[in-house]
Structures are given as C-alpha cells and as structure tokens.
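Chain by chain, the residues:
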Amino acid sequence: GEGEQRRKADEEDEERRRLAEDAARMDRTVMVVGLNVKADERDIFEFFVGAAGKVRDVQIIRDARTGRSKGVAYVEFQSHEGTTKALGMSGQTMKGAAIRVQPSQSDGGRTTFASQSVFRSPYAY
C-alpha cells in the first residue's frame, strides 16, 4: 500500500544521503603513505593540524594479526581546504620518514589516474 511505498522512498533518500556523505568525507580525506611505523594517530594528528587545519579523524592501517602499522593512514579533515593543504605537504618528513600525501583512493577512481602520474617526480629516486 501507500505506507509501504513511502517507507521505500524514505529508505532510498536515506541511502542517497549516506552516499553523498561518504563522497563528501572522501573529498576531505587524504591517504598518507610511507609513514614511520612508530608514528601513531597522535603524531599524525599533530603533524597535520598545525599546517593543514582541523583534523576530524586519523586511521592508521594496521596488520590485522600483529597490530603493527603498515605505514599507511587515512586522515579526514574538517574541510576540503584541509585536504588541499595536506596534499601540499607531501614529501615532508614526519618522525624521520618522508611521507607522501595523496587523495584517498576510494572516491570512485576520480583521482586514481592523477595520483599515478604525480609520483613520477624526479625527486622520487
């Protein structure tokens, strides 16, 4: 009946909103690679908060078995401006390791191509 259809429409709205929020979050998130494995969430937070602005979340990718950092983290900023500034910090040193900052990869492939070409940098070798 009618109630059933309305509930379905609500669920679809909900789903759309969630996808939009996910996309927006991805837009505010960078992937950091080449981290010193001893760097923890706090180190990463403090590294970016000074230069890029408010950080909402830091997630270090860890080995499921050992819990050791894989030297990769996702950093979500409060605003898109934060991600832009963070991308400009690529190549800086954190705890003795030169890090690379790149757009988070799970944004539907928009940046995958771009980020591949960027790191053909002459300084990389």
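Residues numbered from 1 in each chain as written. Predicted model: local features only at pLDDT ≥ 70, side-chain atom pairs only at ≥ 80, totals over all residues. Heavy atoms only, no water.

1. Quick word on the packing of helix H2 (residues 41–52) against helix H3 (residues 80–87)
The axes of two packed helices give the description: the angle between them and the distance between them.
Argument step 1. Direction vectors running N to C along H2 and H3 enclose 105 degrees, while the axes themselves pass 9 Å from each other. It follows that H2 is roughly perpendicular to H3 by the angle criterion. Along the contact surface, H2 presents Phe48, Ala51 and Ala52, while H3 presents Gly82, Lys85 and Ala86.
Argument step 2. Grouping the constituent residues of the contact of H2 with H3 by class yields four nonpolar, one polar and one charged. (Axes fitted to C-alpha atoms, helices over the stretch in contact; angles between N-to-C directions. Helix = DSSP H or I, 4+ residues; strand = E, 2+ residues; numbered from the N terminus. Parallel < 35°, antiparallel > 145°, perpendicular 65-115°, else oblique. Contact = heavy atoms within 4.5 Å. Nonpolar A, V, L, I, M, F, W, Y, C, P; charged D, E, K, R; others polar.)

2. Structural notes on the nonpolar core
Argument step 1. Ile44, Phe48, Val75, Phe77 and Ile99 are the most contacted members of the largest nonpolar core, which has 19 residues in total.
Argument step 2. At the level of secondary structure, the elements contributing two or more residues to this core comprise strand S1 (29–33), H2, strand S2 (55–62) and strand S3 (69–77).
Argument step 3. For this core, the element with the highest residue contribution is H2, accounting for four residues.
Argument step 4. Discounting chain neighbours no more than four positions away, the residues touching Ile99 are Val32, Val33, Gly34, Leu35, Phe47, Phe48, Ser90, Gly91, Gln92 and Met94. (Core = buried A, V, L, I, M, F, W, Y, C linked by side-chain atoms within 4.5 Å. Buried < 20%, exposed > 50% of the residue type's maximum accessible area, 1.4 Å probe, protein only.)

3. A short note on the confidence of the model for the protein chain
In regions of low pLDDT, the predicted coordinates are not meant to be interpreted in detail.
Argument step 1. Summarising the model, the protein chain shows a mean pLDDT of 85, and 83% of its residues fall at 70 or more.
Argument step 2. Element-level mean pLDDT values for the protein chain span from 40 in helix H4 (residues 112–118) up to 97 in strand S5 (residues 97–98).
Argument step 3. Considering only residues more than four positions removed or in separate chains, one finds that residues 107–125, a stretch of pLDDT under 50, has 13 contacts. (pLDDT = per-residue confidence, 0-100.)

4. A short note on unusual backbone geometry
It is generally the case that most residues other than glycine have a negative phi and that most peptide bonds are trans.
Argument step 1. In the Ramachandran plot, Lys95 falls in the positive-phi region, its phi being about 50 degrees despite a non-glycine side chain.
Argument step 2. Here Lys95 shows up in the loop between strand S4 (93–94) and S5.
Argument step 3. Lys95 sits in the partly exposed class, given a relative accessible area of 47%.

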